[in-house]
Amino acid sequence: MKISAFLLLFTSLLNPSGTHLVFDFGSSPNKTSDWIMISDRIMGGVTQSKLEYNDNAMRLSGSISLANYGGFASVKTKFNAYDLSGYKGVKIRFKATNQQFAFTLEASRNWTYPYFKGDFSRKKDNTWEEVVIYFSDFKEYQIGEPTGEKLPQSTLKNIVRLGIITTEKKEGPFSIEVDSIEFIN
């Protein structure tokens, strides 16, 4: 009993919210399958992309086009309340081809407000790998342009949306499969 109480106390000290936030897109009985796709088509771009869920992962794939000022594809959560202040970063298990990506954090439902990106890229095409992105490395963007600012620690309490976006603005086919996203202490 004392050991259980100690472990519970120790876990809550590591993460003040007392919860462990994981999105499992793989084979778990509670796997996540409610992220949505958003591409440059919302502003007149012509990037072709599709979002699929399979037994192992969430898969975003397609072909990036720079026509009509386009050049991106993304997947995002629906709007929700996320208190990430008890975490130091995010660990993503993924495999990808032909693009670099970023994990995004939004603190407003208004798309013109600043949001934050932590960049990541594959080491080898189509090979499962894990990457850790610390919140101290996230940069602020507004309407796709960097502002030069970093992610304020206070903002982590009020995140309303999470996502993954292509960042290279390079034409051609791409794919990313995500097995899991885990917030780490």
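Further up the page is the structure itself.
All figures in this text were calculated on a predicted structure; none of them were measured in a lab. Numbering of residues starts from 1 in each chain and follows the order in which that chain's sequence is written. Residues qualify for local features only when their pLDDT is at least 70, as the model is predicted, and side-chain atom pairs are given and counted only at 80 or more; totals for whole chains, interfaces and linings, by contrast, use all residues. Side-chain calculation: all heavy atoms of the structure are included, whereas hydrogens and water are not.

*Asks:* Tell me about the overall build of the protein, and please be specific about residues and values.
*Replies:* When its secondary structure is counted, the protein shows one helix and 13 strands. Within the protein, the proportion of its 185 residues that are buried is 43%. Considering only residue pairs separated by 6 or more positions, the protein has 75% of its internal contacts joining residues 24 or more positions apart. As displayed, the protein has an accessible area near 10300 Å², and 53% of this comes from carbon and sulfur atoms. Numbering goes from the N terminus for both helices and strands, where a helix is a DSSP run of H or I of at least four residues and a strand is a run of E of at least two. Remark: exposure states derive from per-residue accessible area (1.4 Å probe, protein chains only) relative to the maximum for the residue type, with buried under 20%, exposed over 50%, and partly exposed in between. Only heavy atoms enter the contact rule, under which two residues are in contact if any of them lie within 4.5 Å. Note on areas: these come from Shrake-Rupley sampling with a 1.4 Å probe, and a residue is covered only by the protein chains present in the view.

*Asks:* Can you explain the layout of surface pockets? Please cite residues and give values.
*Replies:* As defined here, a cavity is a set of points on a 1 Å grid over the protein atoms alone where a 1.4 Å probe fits but cannot get out. A pocket is an open set with protein on both sides within 12 Å along at least five of seven lines, and residues line them when an atom is within 4 Å of a point. Grid points are joined across faces, edges and corners, and a volume is the space filled by probe spheres set on the points. One number sums up the size of the largest pocket: a volume of about 750 Å³. Elements supplying a minimum of two residues to the lining of the largest pocket: strand 7 (101-106), strand 8 (115-120) and strand 12 (161-166). Only Asp, Glu, Lys and Arg are considered charged in this grouping, and only Ala, Val, Leu, Ile, Met, Phe, Trp, Tyr, Cys and Pro are considered nonpolar; every other residue, Gly among them, is considered polar. A per-class count over the lining of the largest pocket returns 14 nonpolar, nine polar and eight charged.

*Asks:* Hey, could you go over the nonpolar core for me, with residue numbers and the actual values?
*Replies:* Residues belong to one nonpolar core when they are buried, are Ala, Val, Leu, Ile, Met, Phe, Trp, Tyr or Cys, and are joined through side-chain atoms within 4.5 Å. Core analysis: the biggest nonpolar cluster contains 34 residues, and L84, I92, F103, L105, L162, I181 and F183 have the highest contact counts within it. Contributing elements (two or more residues each) for this core: strand 4 (58-64), strand 5 (73-76), strand 6 (89-97), strand 7, strand 8, strand 9 (129-134), strand 12 and strand 13 (172-184). At five residues, the largest contribution of residues to this core is made by strand 13.

*Asks:* Can you tell me about the environment of N56, naming the residues and giving the values?
*Replies:* Position of N56 among the secondary structure elements: in the loop between strand 3 (48-53) and strand 4. A C-alpha to C-alpha distance of 8.7 Å links N56 and E177, two positions 121 residues apart in sequence. Apart from the residues lying within four places of it in its own chain, the contact partners of N56 are F25, G26 and D179.

*Asks:* If you had to explain the side chain of T32 to someone new, which residues and values would you point to?
*Replies:* With respect to the helices and strands, the residue T32 is situated in the loop between strand 1 (22-24) and strand 2 (36-39). Exposure remark for T32: the relative accessible area of 13% places this residue in the buried category. Here T32 is in contact with F23, D24, F25 and Y53, once residues within four sequence places are set aside.

*Asks:* Could you give an account of the pairing of strand 9, naming the residues involved and the relevant values?
*Replies:* Remember that side chains alternate between the two faces of the sheet whenever the strand is regular. The alternating pattern of strand 9 places E129, V131 and I133 on a buried face, while none of E130, V132 and Y134, on the opposite face, is buried. Here strand 6 runs beside strand 9; their pairing, made up of six bridges, is antiparallel. If you follow V90 over to strand 9, its bridge partner there is I133. For two strands to be treated as a pair, DSSP must find no fewer than two bridges joining them.

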